[in-house]
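# Working through the structure, step by step
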Amino acid sequence: MNLAAYAEQHGLGRVGARPPLGAYLRETWNRREFMWLLALYRVRADNQRNQLGLAWVVLRPVINAVVYGTVFGLIMGGAKPDRFIEFLIVGVFFFEFFSRTFTSGAKSITSNRALVQSLRFPRIVLPMARVLEELVLFMPTLAVLLIFVTVKGNTPQWHWLLIVPLVLLYTMFNVGLTLITSRLSVHLSDLSEILPFISRLLFFSTGIFFDLSSRFEGNEVALRILDFQPLHELLTLARGLLLDGQYTVDNPWYWLYFAVWSLVLFVVGIVFFWQAEERYGRD
Amino acid sequence: MTEPQPGRRPSVVVEHVSVDYHVKTGRKGPDGTRAPRTRVVNALKDVSFVAYENDSIGVIGTNGSGKSTLMRAIVGLTPVSAGAIHASANPSMLGVGASLIKDLSGAQNIILGGLAMGFTREQIEAAYDDIVVFSGLGDFIELPMRTYSSGMTARLKFAIATARTHEILIVDEALAVGDKQFRERSEARIRDIRDQAGTIFLVSHSMTSILDTCNRVLWIEKGELLMDGEPGPVIEAYRER
């Protein structure tokens, strides 16, 4: 008797076959508590290892801001944007969430081989938990940012609440990117070596410590391109919200552009990651 | 036993499975000549068998015979080059080696492992005490898993994985690192799972463990299935070799 026919007759399915997308997402939703606790435990474990613990979450971007502020403040002399310190802090603090997920999230499958090989669960949980972990770390950073901006004389206003949807979109943006990079680094292990350079490149070209729109004033083509750079959109929106009319968004379409970026990356990332589900955990 | 046995419910059907590894080698051979850059290793050659519910199958063979490759293929971690593997449920594998998440404590790993396997929070909290007792870790349960010995890690992993009844469970050398008491406890648990209509594969070099827990043995050598049958005769043939 043919074994394949025999297996089918008894309702046996092929091993390792990837479930359809709908079933996959339902299964992922059922593991939401796993995802959340994994992120939370990791945050705690990371902080227990250092003497200063959770303080590092805030200290890291502060030190970053001080270093970049000093270096670029000195280099740029009079060419600094208005309210340089707040401008810089918003940029550095917001960028931190992206750069940390971007460089380390790519390894969320490859660095969890033991877990992937011993237990069966939708692998998408791992990169998502990684982003969630960074989101948890971003919260105190954001709180410090708001306090700092207030102390510098920007009065809190109702429209500051728009930070919530902005961070939500930003998180989806990061999830999408992380799903793509974590699948790619399974195929191509060299990728994790290259990502920090891309992140660095984006840091210097996104206008963290200088104002891109005044830098390219008069250059219509460059400004047009900038309109579609998602991180530039993000920072422009954040600065527009928090810095008292100083950097009002002269292009409200940025909300739409950034929302489209985030949603598209989110959906594409999920599908792209799911397609290789059978591949994860293999060497 | 490749011919299906009537009246029994199959849980795993392995159908003419071959696995080839493509191993990247250096550009130059030992004598300095240009060697082919990839070598093909036939880890499994045309293996077929049917496993049934209530089967507890020992898998034996010398090192490098392809035992682990076969187990990894059954779990779906190693792609098959030819043939196919069918199963009634997703098989789970317990292997030796790395812990689950080594920076987290044993206690946190129990919760996460349970949730990952599909327990609800209440279910895993209800099972928590049993898992700790079974693992025999005592106060160590609050320490990060990176501080555990390999025996402790294996015990905890075994305790977590068997907290849930599995339809198909593969235990790859995981018992070898435990002490005598733990081995007896885990062998008893393996028999439990088998009695609850599960199917277990036990890869081991300990013939005593296999004789104590298995009702069937597969002997694999150089990627081929040499023998498949009652533990007594197969182990005898393996020892005489």
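Further up the page is the structure itself.
Residues numbered from 1 in each chain as written. Chains lettered and ligands numbered in written order. Predicted model: local features only at pLDDT ≥ 70, side-chain atom pairs only at ≥ 80, totals over all residues. Heavy atoms only, no water.

## Observations regarding the overall build of chain A
When helices and strands are counted, chain A shows 13 helices and one strand. Secondary structure of chain A in N-to-C order comes out as α-β-α-α-α-α-α-α-α-α-α-α-α-α. Its C-alpha atoms give chain A principal-axis dimensions of about 85 × 50 × 40 Å. Looking at chain A residue by residue over its 283 residues, the buried ones come to 51%. (Helix = DSSP H or I, 4+ residues; strand = E, 2+ residues; numbered from the N terminus. Buried < 20%, exposed > 50% of the residue type's maximum accessible area, 1.4 Å probe, protein only.)

## What to know about a nonpolar patch on the surface
All names here are of chain A. On the surface, W253, L256, V260, V264 and V268 cluster together to form a nonpolar patch covering roughly 460 Å² of accessible area. Along the polypeptide, V260 turns up in helix α13 (residues 253-275). Given the relative accessible area of 43%, V260 is considered partly exposed. (Patch = residues over 30% accessible without salt bridge, like charges linked within 9 Å, V, L, I, M, F, W, Y side chains within 5 Å. Areas by Shrake-Rupley, 256 points an atom, 1.4 Å probe, with all protein chains shown as cover. Salt bridge = Lys/Arg side-chain N within 4 Å of Asp/Glu carboxyl O.)

## Considerations on helix α8 (residues 163-187) of chain A
Its 25 residues give α8 of chain A an end-to-end C-alpha distance of 36 Å, which sits within 8% of 36 Å, the value for a rise of 1.5 Å per residue. Burial runs high along α8 of chain A: 20 of the 25 residues are buried. (Expected span 1.5 Å × (residues − 1).)

## Here we look at the side chain of R155 of chain B
Among the structural elements, R155 of chain B can be located in helix α4 (residues 150-161). A polar contact of 3.3 Å, which involves the side chain of R155 of chain B, links it to the backbone oxygen of G136 of chain B. (Polar contact = N/O pair within 3.5 Å; in protein donor to acceptor, adjacent residues only side chain to side chain.)

## Let's talk about the nonpolar core
Among the nonpolar cores identified, the biggest contains 119 residues, and F94, L145, L166 and Y170 of chain A together with I60, I110 and L156 of chain B are the most heavily contacted of them. Every residue in contact with F94 of chain A, bar those within four places of it in the chain, is listed here: F138, L142, L145, I163, L166, V167, Y170, L234, L235 and A238 of chain A. If you look at the next biggest cluster of nonpolar residues, it comprises 28 residues, including V17, L44, F49 and M71 of chain B. (Core = buried A, V, L, I, M, F, W, Y, C linked by side-chain atoms within 4.5 Å. Contact = heavy atoms within 4.5 Å.)

## With respect to the pairing of strand β6 (residues 168-172) of chain B
All names here are of chain B. A large share of β6 lies buried, amounting to five of its five residues. Across the two faces of β6 the burial is the same, with I168, I170 and D172 and L169 and V171 all buried. The sheet contact formed by β6 and strand β7 (residues 199-203) spans five bridges and is parallel. Bridge pairing in β7 places I170 opposite F201. (Pairing = 2+ DSSP bridges.)

## With respect to the packing of helix α3 (residues 32-49) of chain A against helix α7 (residues 125-151) of chain A
All names here are of chain A. Taken N-terminus to C-terminus, the directions of α3 and α7 make an angle of 50°; their axes are 8 Å apart at the nearest point. Here α3 lies oblique to α7, going by the angle between them. Of the two possible hands of crossing, α3 and α7 adopt the one that is right-handed. Residue-level inspection shows F34, M35, W36, L38, A39, R42, V43 and D46 of α3 in contact with α7, the latter providing V125, L126, M128, A129, L132, E133, V136 and L137. Considering only residue class, the contact of α3 with α7 consists of 13 nonpolar, no polar and three charged. (Axes fitted to C-alpha atoms, helices over the stretch in contact; angles between N-to-C directions. Parallel < 35°, antiparallel > 145°, perpendicular 65-115°, else oblique. Left-handed = near helix turned anticlockwise from the far one by under 90°. Nonpolar A, V, L, I, M, F, W, Y, C, P; charged D, E, K, R; others polar.)

## Observations regarding the interface of chain B and chain A
Listed by partner, the interface residues are 46 residues for chain B and 32 residues for chain A. Around 3,400 Å² of area is buried between chain B and chain A when both sides are counted, 64% of it from carbon and sulfur atoms. When residues of chain B are sorted by the area they lose upon contact with chain A, L77, L112 and A116 of chain B head the list and together hold 16% of the total. Across the contact surface, chain B and chain A share one salt bridge. For R121 of chain B, the salt bridge identified is with E33 of chain A, shortest N-O distance 3.2 Å. (Buried area = accessible area lost by both parts, 1.4 Å probe.)

## Structural notes on unusual backbone geometry
All names here are of chain B. If you check the backbone angles, H16 has positive phi at about 45° while not being a glycine. Relative to the helices and strands, H16 is located in strand β1 (residues 10-24). Even without being glycine, D46 reaches a positive phi, approximately 45°. Looking at the secondary structure, you find D46 in strand β2 (residues 38-52).

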